[in-house]
Amino acid sequence: MTTCGRFSRKQRDQDGGDEPLPLPAGPVSNGEFVPAGETARDRAVDQLIRSSIDDAAARIGLDRRRFLQGAGAVAASLAVFELAACSNTATSRGASYPHKSGQGGTFAAPPPQDTEACQQALAGNGEFIFDVHTHHVIPTGPWVQDAPDTVGLALGMVPAACTDNPQLDCVDRASYLHDLFLASDTTVAVLTDLPNSGPSNAPLPFTEALSTQQITDGLVHGGASRVLVENIIYPNVGALNATLDEMTSAVQSGPPAAFKVYTAWSPTGQGFSLEDPSIGLPTVQHAQDLGVKVFVAHKGLPLVNFDPTFNHPEDMVAISRQFPDMNFVIYHAAWDPSHIEGPYDATATIGIDTLLAALDRHNVPPNDNVWVDLAAVWRQLLTQPDQAAHALGKLLSRVGQERVMWGTDAIWYGSPEPQIMAMRAFQITSEFQDLYNYPALTDEVKTNIFGLNAAILFGIDPTATRCAMTTDPLAANIDESAELRSDGALPSAWTPHGPTTRRQILQWLASPATRWNPT
Ligand SMILES: [Zn+2]
């Protein structure tokens, strides 16, 4: 039976002075690694954002809570991030690199008090948004008892604004459907999971991911599917044949859109290489034989119990030469939060540069069969626009403008909408384009990143999907959702949880327009 969690959401106190910001400077976390603590700089930046928001709200006579739910609050945040980057060194959590003159990344957003202009500038043009990296958990699953480390990992990333009890309800299925499809412009999403070695310790076992897919299909009345699922495999745990058999049965019950591995993880902390002839190579070969042509690996972004020896993207880039008919997706683009992203440095030992160096070493041309997504990378770096410009500039020029895909790690951060708005506004300056040979972030480049690249990889027709959405009750209910939200009846788009109860969300999702009857 499909369950949607308990109705335990508590009433939020909305009158306090610390309503969550749409894009706090820190500490932010994607629920996949233990975040560094909030720095003095983060606190100062958040304080500046709050006073800018108070100021703008006062100028137009809107109460702060209402203002926080609009595009003006995002614009205020982006302006502060840009301002904070205007010092002559780029610093991040204890490290720094010499910064050339001028700025590398800017946000094109109107003044925050001009809420209508902000909405116009940040609301997009109905572009196709395909988020290739999303999460939710099953708060009542056996993993809660059997995988304390993973629970600790997940709880470490549940946003501070979460008031649910148990807290994992903040990242459950109902929250996922709300945050992704009602509170954001996301059209299609790939649902993935945290490291695990089977259903007993998986936060989202494959069968539950399939249930989420089926529920969503029910909500959209047979329109084009809006959730694709990944199957997480663990060929380094137990007998290889067991993994290969599970892959076969996943294809029969799924099929999954991709297989995903955590090469740096196992319950004992021992990783593996995709080049290992007794582990990696037969697994990739089996995926190809099964016709699942997308193979995903988490690289970079160290999690708990990670084996650094196998967190490097080298093995995946190497095997891309042996399997030219397969496509290899490097989640997080090998980005590592402890490394400052600057101009390309071939000697770097962690971070995006290690991926670029591996591509060079193995003669992989741009726009070949190695892909990346921006999950966590964009959310973490958008508060430091120069690093964001370097990260995006390097990935677009070397991995390729047709191989960089939108990913957000939602719903670890709540609704991905603020991330979407920030990307719409983001520009790499002409100065950085000239200095480092980075491409301009034209509308065409952004459209590719937001969805058209992933549509090609996963064989989704973006036009058909959007057509289907015009008759899709989930899409049709977005207006209703916005109205309810402005009355405080639904959680705001920016917060993982909100002023109301889960019951209200579920009742609303189960309205006569839909076929979902949550039990
Ligand atoms: Zn993730």
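One numbering rule holds for all chains: residues counted from 1, following each sequence as written. Whole-chain, interface and lining totals are the exception, using all residues; otherwise, since this is a predicted model, local features are given only for residues with pLDDT of at least 70 and side-chain atom pairs are given and counted only at 80 or more. Side-chain measures were taken over the full set of non-hydrogen atoms in the model, leaving aside hydrogen atoms and water.

## What to know about the confidence of the model for the protein
Detailed reading of predicted coordinates is not advised where the pLDDT is low.
Point 1. The predictor attaches a confidence to each residue, and that confidence, scored 0 to 100, is pLDDT. Chain-level statistics for the protein give a pLDDT mean of 87 and a share of 87% at 70 or above.
Point 2. Every residue pair with non-hydrogen atoms within 4.5 Å of one another is taken to be in contact. In the predicted structure, residues 88-101 sits below a pLDDT of 50 and forms 34 contacts with residues beyond four places in sequence or in another chain.

## Brief notes about the nonpolar core
Point 1. Among the buried residues, those of types Ala, Val, Leu, Ile, Met, Phe, Trp, Tyr and Cys that are joined through side-chain atoms within 4.5 Å form a nonpolar core. Residue exposure (1.4 Å probe, protein chains only): buried if accessible area is under 20% of the type maximum, exposed if over 50%, otherwise partly exposed. Formed by 88 residues in total, the largest nonpolar core has its most connected members in Phe295, Trp378 and Leu395.
Point 2. Per-element accounting of this core gives the leading share, eight residues, to helix H3 (residues 71-84).
Point 3. One finds Ala154, Met157, Ile215 and Trp412 within the second-largest nonpolar core, a separate group that totals 35 residues. The numbering of helices and of strands both runs from the N terminus, where a helix is a DSSP run of H or I of at least 4 residues and a strand a run of E of at least 2.

## Description of the packing of H3 against helix H15 (residues 417-425)
Point 1. The convention used is that axes are lines fitted to C-alpha atoms, helices contributing only their stretch in contact, and that angles between N-to-C directions extend from 0 to 180 degrees. Between H3 and H15, the least distance of the axes is 10 Å, while the angle of their chain directions is 60 degrees. Comparing the axis directions of H3 and H15 gives the class oblique. Handedness of the crossing formed by H3 with H15: right-handed. From H3, Ala71, Val74 and Leu78 reach across to H15, where they touch Pro418, Met421, Ala422 and Ala425.
Point 2. Residues were grouped as follows: Ala, Val, Leu, Ile, Met, Phe, Trp, Tyr, Cys and Pro as nonpolar; Asp, Glu, Lys and Arg as charged; and all remaining residues, including Gly, as polar. Among the residues forming the contact of H3 with H15, the class breakdown is seven nonpolar, no polar and no charged. What sets the label is the angle itself: under 35 degrees gives roughly parallel, over 145 gives roughly antiparallel, 65 to 115 gives roughly perpendicular, and the rest give oblique. For any pair of crossing helices, the crossing counts as left-handed if the nearer helix is rotated counterclockwise from the farther one by less than a right angle, and right-handed if it is rotated clockwise.

## What about the sheet that holds strand S9 (residues 327-331)?
Point 1. Pairing is parallel across the open sheet formed by eight strands, whose spatial order is S4-S5-S6-S7-S8-S9-S10-S11. Lying at the two open borders of the sheet, with one neighbouring strand each, are strand S4 (130-134) and strand S11 (404-405).
Point 2. Two strands qualify as a pair provided DSSP detects at least 2 bridges between them. As paired elements, strand S6 (residues 227-232) and strand S7 (residues 258-261) share three bridges and run parallel to each other. Across the sheet, residue Ile232 finds its bridge partner in S7, namely Lys260.

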